[in-house]
Amino acid sequence: MSRAAPEPAAETDVADFLVALGEAMVDAGDPVTHVRASLERVALALGTDGTEVVVLATALFVSVPGSTSTHTAVASAGGRRLRLDQVDDLFRLVDDAEAGAVGALDGLARLSEIRDRPPPFSSAARVVGYAVLAFGIALILRGSWVDVAVATGLGLLVGLVEVAVRRFAPSFGVFLPVASSFGVALAVFLLVDVLPELSVTTPLIAPLVIFLPGALLTTAVIELSTGQMISGAGRLSAGVMKLVLLAAGIVGAAAVAGVPAVSVTQLAAEPVPAWAPWIGVVLFGAGIVVHDCAHPRSAAWIVLVLYVAYAGQVLGGLVLGGVLSAFVGALVMTPVAVWAARHPSGPPALVSFMPAFWLLVPGALGLLGITKYLGEDRVYGAASLTTAGATMVAIALGVLLGLTAASAVA
């Protein structure tokens, strides 16, 4: 049985709903091009023709024409990160609104409920989830078993601090990345003297993986390539600044510990077996589901997209080399994420995209490059930054081509 169409809403209610919906979509990390297109479709479904929508990475402007006047609503955006369960429910609301099954007032009520909903997992579970995802990333990076153990322990500590800060003192969240990178790096540099077999890269990167702005930087490149210069440049600047803060924490820890910054690229002498990264993928996915509070029904889909992305990256690396391996991983994962989103139990594409961006870790390359550049080896640092930039462009192109292929098939 089809649902009855909602009653026509006043222009003020429509404008308020559109701007609140767009604000939530930007907070979820959706590219501004998609946000604008979705809001225009929702406006048409609500019966308001001629609606003007301007979407930036930090602000929205919506003008809804009425019979005697035009109502304009404005809101800031991008200041409150959404959990994966909130992103899931948000885009289901977007789908309902585009289909004309939700009115403006009902939509505002659902948005408020999504925003205010408590996390589905307890704080203790989310801390353990962070340790598990750090364990998985350490396996994917192929550190030694000592590296994996240290990375998991540090991930548990970082997860504890991250959950506590975001729950009890959210205003301190801006200091969390640099404080975490300083604490993790200091612990790693001090443990190197106690554990000679400990490398540096794996236990340094794995506990900080959530802070790496890989998805933000890749979205910036996508927006720049689609003509959204203001939003793309803004996201790019924000992503680079996050990397600089993380690198500053590492360089500061190296100075305190008396370790030259050049040692941040020390690799494991005895890496884990070649099969271990494939186990790491599912552990990383499970950790993401619990820590970032994805719906349990989305877990299998998220792991599927992660495996497709990792397999594409591995095969691409064997055939095309390191940078283009990220292109292949993004290219093959995108149609799978879109296909999963069309399945009744599948999550919206953005929910499975974001963990895959973290898996492809362009941010890790950029972090090492900036750390080297701030440290002693500027030539290596510049080369690493160039590689990171090329990797981001490759991922963005892979996503765009994958979306084109998925649309053609659909």
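Small disclaimer: the values here were computed from a predicted structure and weren't measured.

Caption draft 1: Examining the overall build of the chain more closely. Within the chain, the secondary structure is distributed over 16 helices and three strands. When the 410 residues of the chain are sorted by exposure, 50% land in the buried category. A sequence separation of at least 24 residues applies to 75% of the contacts in the chain between residues at least 6 apart. Of the roughly 17,200 Å² of accessible surface on the chain, 67% is carried by carbon and sulfur atoms.

Caption draft 2: Structural context of the pattern of salt bridges. Taken as a whole, this structure holds twelve salt bridges when the rule is applied. Here E40 ties to R36 by a salt bridge, and the two come within 3.1 Å at their closest N and O atoms. One end of the pair is E40 and the other is R36, both in helix α2 (residues 32-45) and four residues apart, which spans about a single turn. Classification of R36 as partly exposed rests on a relative accessible area of 39%. Put simply, E223 and R235 hold a salt bridge, and the shortest N to O gap is 2.9 Å. Separated by twelve residues along the polypeptide, E223 in helix α9 (residues 214-225) and R235 in helix α10 (residues 229-257) bring together distant segments of the chain. Here the salt bridges share partners, and the residues they tie into one network are E23, D27 and R115.

Caption draft 3: Geometry of the packing of helix α3 (residues 84-98) against helix α4 (residues 104-116). Relative orientation of the contacting elements α3 and α4 amounts to 170°, with a least axis distance of 10 Å. Between α3 and α4, the interaxial angle falls into the category roughly antiparallel. Counting all contacts with α3, which are made through Q86, D89, L90, R92, L93 and D96, the residues of α4 involved are G107, R110, L111, I114 and R115. Residue classes in the contact of α3 with α4 are distributed as four nonpolar, two polar and five charged.

Caption draft 4: View of the sheet that holds strand β3 (residues 70-76). Spatial ordering of the open sheet is given by β1-β2-β3, a layout of three strands whose pairing is antiparallel. Strands with a single pairing partner mark the edges of an open sheet, and in this sheet they are β1 (52-55) and β3. The sheet shows a mean angle of 5° between the axes of neighbouring strands, taken without regard to direction. As paired elements, strand β2 (residues 59-65) and β3 share seven bridges and run antiparallel to each other. Paired with P65 across the bridge in β3 is T70.

Caption draft 5: Highlighting unusual backbone geometry. Non-glycine residue R142 carries a positive phi angle of around 55°. Summarising the element assignment, R142 is placed in the loop between α5 (123-140) and α6 (145-168).

Caption draft 6: Spotlight on α9. Spanning twelve residues, α9 covers 17 Å between terminal C-alpha atoms, matching the ideal 16 Å at 1.5 Å per step. Listed as buried for α9 are G214, A215, L217, T218, T219, A220, V221, I222 and E223. Remark: G227 follows α9 within two positions and exhibits a positive phi of approximately 90°.

Caption draft 7: How the structure looks around the pairing of β1. The two faces of β1 differ: V53 and V55 on one face are buried, but E52 and V54 on the other face are not. Taken together, the four bridges between β1 and β2 define a ladder with antiparallel strand orientation. Considered in β2, the bridge of E52 is made with S63. Connecting the antiparallel pair β1 and β2 is a turn made up of three residues.

Caption draft 8: Looking closely at the packing of aromatic side chains. The full count for this structure, using the stated rule, is three aromatic pairs. With a centroid separation of 6.5 Å and 5° between ring planes, the pair formed by W278 and Y307 is classed as stacked. With a gap of 29 residues between them, W278 in helix α11 (residues 276-291) and Y307 in helix α12 (residues 299-320) connect regions that are remote in the sequence. Relative accessible area serves as the criterion here: at 34%, W278 is assigned to the partly exposed category. Among the aromatic side chains, those forming a connected cluster through ring pairs are W278, Y307 and Y310.

Caption draft 9: A look at the nonpolar core. With 104 residues, the main nonpolar core has L21, L90, F284 and M333 as its most contacted residues. Residues in contact with M333, not counting those within four places in the same chain, are V305, V308, A309, F353, A356, F357, L360 and V399.

Caption draft 10: Summary view of α4. With 13 residues, α4 extends 18 Å between its outermost C-alpha atoms, agreeing within 8% with the 18 Å of an ideal straight helix rising 1.5 Å per residue. Along α4, the residues classified as buried are A104, G107, L111, I114 and R115. The arc enclosing the buried residues of α4, seen along the axis, measures out at 95°, which places them on a common side. Within α4, the exposed residues directed more than 90 degrees away from the buried face are L105, D106 and D116. Where α4 is buried, its residues meet α1 (11-27) and α3.

Rules used in this analysis
Residues numbered from 1 in each chain as written. Predicted model: local features only at pLDDT ≥ 70, side-chain atom pairs only at ≥ 80, totals over all residues. Heavy atoms only, no water. Helix = DSSP H or I, 4+ residues; strand = E, 2+ residues; numbered from the N terminus. Buried < 20%, exposed > 50% of the residue type's maximum accessible area, 1.4 Å probe, protein only. Contact = heavy atoms within 4.5 Å. Areas by Shrake-Rupley, 256 points an atom, 1.4 Å probe, with all protein chains shown as cover. Salt bridge = Lys/Arg side-chain N within 4 Å of Asp/Glu carboxyl O. Axes fitted to C-alpha atoms, helices over the stretch in contact; angles between N-to-C directions. Parallel < 35°, antiparallel > 145°, perpendicular 65-115°, else oblique. Nonpolar A, V, L, I, M, F, W, Y, C, P; charged D, E, K, R; others polar. Pairing = 2+ DSSP bridges. Expected span 1.5 Å × (residues − 1). Phe/Tyr/Trp six-rings, centres within 6.5 Å; stacked < 30°, edge-to-face > 60°. Core = buried A, V, L, I, M, F, W, Y, C linked by side-chain atoms within 4.5 Å. Arc of directions from axis to C-beta.

These figures come from the coordinates and say nothing about function on their own.
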